[in-house]
Amino acid sequence: MVNKLRHYFYIHIYLIDSICTRINIRNIEKMKEDKTRTSMIKKSRRDFVRNTALFTGGAMLLPNLHMSGMANVLGNKKLKLALVGCGGRGTGAAVQALTADDNVELVAMADAFEDRLKGSLANISKAMGETKKIKVKEKNQFVGFDAATKAMDLADVVILATPPGFRPQHFEYAVNNGKHVFMEKPVATDVPGVRKVLAAAKKAKEDKLNVVVGLQRHYQDSYLAAIDQIKKDSIGKIVSGQVYWNSGGVWVRERQPQQSELEYQMRNWYYFNWLCGDHILEQHIHNIDVANWFVGEYPISAQGMGGRQVRKGKDHGEIFDHHFVEYTYPSGAVIASQCRHQPETMSKVSEFFQGTKGTVYTKGDNATLTDYNGNSIFEHRGKEDPNPYQVEHIKLFESIRNGGVIADAENGAKSTMSAIIGRMATYSGKVIKWDEAMQSNIDLAPDELTWDSPAPVQPNADGTYNIPKPGETVVI
């Protein structure tokens, strides 16, 4: 019965895959035309979670209890959801949250920009089709720098998906006001922000608030299968590894007439460190986080190099287009980290680790363990695995309903810090030690901003921005 339900779930979860990743509206509309199929998705997903989660590779909160012992603590209470940050990722997360639980409704939304909020609401409504789950009144559509707190005040569960520079203050407010949280990675762009998140993470755990961080590999079957084998000592102690996020880059939003410098930077947020933290943090954190997870530690130091050779226009702000970092761990393990945003170059997003008895390779839905004679130790081919972006939200709402506590925020903060010390190393050209870096008071992201505030980073007379220079740039 379990296998049949699991197979049933796998077949139908594919139908919401486009929602769970990039909100491809064309695919969503096609899917929503078949209302019978949509109903089957919801039924099979819930059946799968209730009947098979204890027996799959997923990280369940109460592994020693039978299903009959998992009381629905909140009964059928309607859970109110607020979305803070209405870009593509926030829009996708909202659809995933509304899909994950039958008794949740979206009641408030917040963004700095009205057009983003309106577009997001339209896309969520289109994705969800005919539903009573979207109840965002005009008065509960908040715009501006104070919008986040107003939206959170109306909710039980909040999604934090603004550019990451705003994440620490939003997370702190959510926890202080008793909200369960899904927040995207990274969780800060500077060390003071990391410290703020760590403090709030401690309080969230004490207050039994659920916090899921969008490092979705922790909810992905292939990675869970690999970590299970590592814990079984299948490849011995990990002593080295290589992690990659090499790609052609991401979007650029050109400056528009009449934009203030602050609005321009917030619209083109990926290219400014106070908002994004550079792509080693915003994207490559996924692979660095896997290294921390598999090694079982956080790095004690980092050294490396980087720069910008290809992506160096005025619209590319102040960030690098490539980084190479060598991380050293307390156990002596050394992990080499690569990330690159350069078109027409080798693309690679994966992780490879060497243990004393063998190796493990992870990429997407697949995980392969091999000994040093070339013999297969273990292989996971997850073509039909559930989408981890959706699983994150299923687990969050199941935990809220069952009285559990998911506490992802501390790891999210420490993996964020791992990427930050990598950035510090490439910007400065120096060896950066974790303990010393944690004392830094360089605050990139102001807590208090209005539309009259000067942008935290100012352009030069020619419209360019100062670029970090190894040997000169101060990072601590």
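Given the structure is predicted, the values throughout are model-derived calculations rather than measurements. (Residues numbered from 1 in each chain as written. Predicted model: local features only at pLDDT ≥ 70, side-chain atom pairs only at ≥ 80, totals over all residues. Heavy atoms only, no water.)

> I'd like a rundown of the overall build of the chain, residues and numbers included.
Of the regular secondary structure elements, the chain holds 16 helices and 15 strands. Across the 476 residues of the chain, 57% fall into the buried class. Taking contacts inside the chain between residues at least 6 apart in sequence as the whole, the part at least 24 apart equals 74%. When the accessible surface of the chain is summed, it comes to about 20500 Å², and 50% of that surface belongs to carbon and sulfur atoms. (Helix = DSSP H or I, 4+ residues; strand = E, 2+ residues; numbered from the N terminus. Buried < 20%, exposed > 50% of the residue type's maximum accessible area, 1.4 Å probe, protein only. Contact = heavy atoms within 4.5 Å. Areas by Shrake-Rupley, 256 points an atom, 1.4 Å probe, with all protein chains shown as cover.)

> Requested: an account of the pattern of salt bridges, with residues and values cited.
Enumeration according to the criterion identifies 17 salt bridges in this entry. Of the charged contacts, one joins Asp 228 and Lys 232 as a salt bridge, the two residues approaching to 3.2 Å between their closest N and O atoms. For Asp 228, a relative accessible area of 36% puts it in the partly exposed group. Accessibility expressed as a relative area gives 55% for Lys 232, which makes it exposed. If you follow the salt bridges from partner to partner, you end up with Asp 115, Glu 263 and Arg 267 in one network. (Salt bridge = Lys/Arg side-chain N within 4 Å of Asp/Glu carboxyl O.)

> Summarise the sheet that holds strand 12 (residues 358-363); cite the residues concerned and give the values.
Taken together, the nine strands give an open sheet; going across it, the order is 14-13-12-11-7-10-9-8-15, and neighbouring strands pair in mixed fashion. This sheet does not close on itself; its edge strands, each paired only once, are strand 14 (376-381) and strand 15 (432-433). Bridging between strand 13 (residues 366-371) and strand 14 involves five bridges; their strand directions are antiparallel. Following the sheet pairing, Ala 367 is matched in strand 14 by His 380. (Pairing = 2+ DSSP bridges.)

> Give me unusual backbone geometry: which residues, what numbers.
That bond from Lys 185 to Pro 186 is cis: its omega, -20°, falls within 30 degrees of zero. Residue placement: Pro 186 occurs in the loop between strand 5 (180-183) and helix 9 (191-206). Phi is positive for Lys 208, close to 60°, though the residue is something other than glycine. With respect to the element layout, Lys 208 can be found in the loop between helix 9 and strand 6 (211-213). Unusually for a residue other than glycine, Gln 258 sits at a positive phi of about 75°. Within the secondary structure layout, Gln 258 lies in the loop between strand 7 (238-247) and helix 11 (261-267). Owing to a relative accessible area of 80%, Gln 258 belongs among the exposed residues under this scheme.

> Explain helix 10 (residues 221-231) to me, using residue names and the numbers behind them.
Of all eleven residues that make up helix 10, nine are buried, and the element is covered over most of its length. Among the residues making up helix 10, those that are buried are Asp 221, Ser 222, Tyr 223, Leu 224, Ala 225, Ala 226, Ile 227, Gln 229 and Ile 230. Downstream of helix 10 by a residue or two, Asp 233 has a phi angle that is positive, lying close to 70°.

> So what's going on with the packing of aromatic side chains? Which residues, and what values?
According to the stated counting rule, one finds 17 aromatic pairs in the structure shown. Centre to centre, the rings of Tyr 264 and Phe 272 are 6.1 Å apart; their planes meet at 80°, and the pair counts as edge-to-face. One aromatic cluster is present, built from ring pairs that chain together Phe 113, Phe 145, Phe 166, Trp 274 and Trp 451. When the ring centre of Tyr 264 is taken as reference, the NZ or CZ atom of Arg 255 above it lies at 3.8 Å. (Phe/Tyr/Trp six-rings, centres within 6.5 Å; stacked < 30°, edge-to-face > 60°. Lys NZ or Arg CZ within 6 Å of the ring centre and 35° of its normal.)

> Provide a residue-level description of the confidence of the model for the chain, including the pertinent values.
Taken as a whole, the chain shows an average pLDDT of 88; of its residues, 84% reach a score of 70 or greater. This model gives residues 1-72 a pLDDT under 50, and the stretch forms 110 contacts once residues within four places in sequence are excluded. (pLDDT = per-residue confidence, 0-100.)

> Let's hear about the sheet that holds strand 3 (residues 141-143): which residues, and what values?
Taken together, the six strands give an open sheet; going across it, the order is 3-2-1-4-5-6, and neighbouring strands pair in parallel fashion. Strands at the two margins of the open sheet, each flanked by one partner only, are strand 3 and strand 6. Within this sheet the neighbouring strands show an average axis-to-axis angle of 15°, counted without direction. The pairing of strand 1 (residues 79-84) with strand 2 (residues 104-111) spans six bridges and is parallel. Across the sheet, the residue bridging to Leu 81 is Leu 106, located in strand 2. (Axes fitted to C-alpha atoms, helices over the stretch in contact; angles between N-to-C directions.)

> So what's going on with the pairing of strand 13? Residues and values would help.
Taken together, the six bridges between strand 12 and strand 13 define a ladder with antiparallel strand orientation. Residue pairing for strand 13: Thr 362 is matched across the bridge by Ala 367. Counting the residues in the hairpin turn of strand 12 and strand 13 gives two residues, including Gly 364, whose phi is positive at 55°.

> Tell me about the nonpolar core, residues and numbers included.
Core analysis: the biggest nonpolar cluster contains 93 residues, and Phe 171, Met 183, Trp 274, Phe 294, Tyr 327, Phe 353 and Ile 421 have the highest contact counts within it. Looking at this core, the element that brings in the most residues is helix 15 (residues 409-428), giving nine residues. (Core = buried A, V, L, I, M, F, W, Y, C linked by side-chain atoms within 4.5 Å.)

> Can you lay out the environment of Cys 276 for me, pointing to particular residues and giving the numbers?
Along the chain, Cys 276 turns up in the loop between helix 11 and helix 12 (279-282). Residue classification places Cys 276 among the buried residues on the basis of a relative accessible area of 0%. Taking the C-alpha atoms as reference points, Cys 276 and Ile 319, separated by 43 residues in sequence, lie 9.3 Å from one another.

> Which residues make up the pairing of strand 5, and what values go with them?
The side-chain alternation of strand 5 yields two buried faces, one formed by His 180 and Phe 182 and the other by Val 181 and Met 183. As defined by bridge partners, strand 4 (residues 157-160) adjoins strand 5 across four bridges and the pair is classed as parallel. Bridge pairing in strand 5 places Val 158 opposite Val 181. In this fold, the crossover linking strand 4 to strand 5 by way of helix 8 (residues 167-176) has right-handed handedness. Bridge count between strand 5 and strand 6: three bridges; the pairing is parallel. Each residue of the ladder has a partner; that of Phe 182, found in strand 6, is Val 212. Note on the crossover from strand 5 through helix 9 to strand 6: the handedness is right-handed. (Right-handed = clockwise from strand over helix to strand, strands pointing away.)

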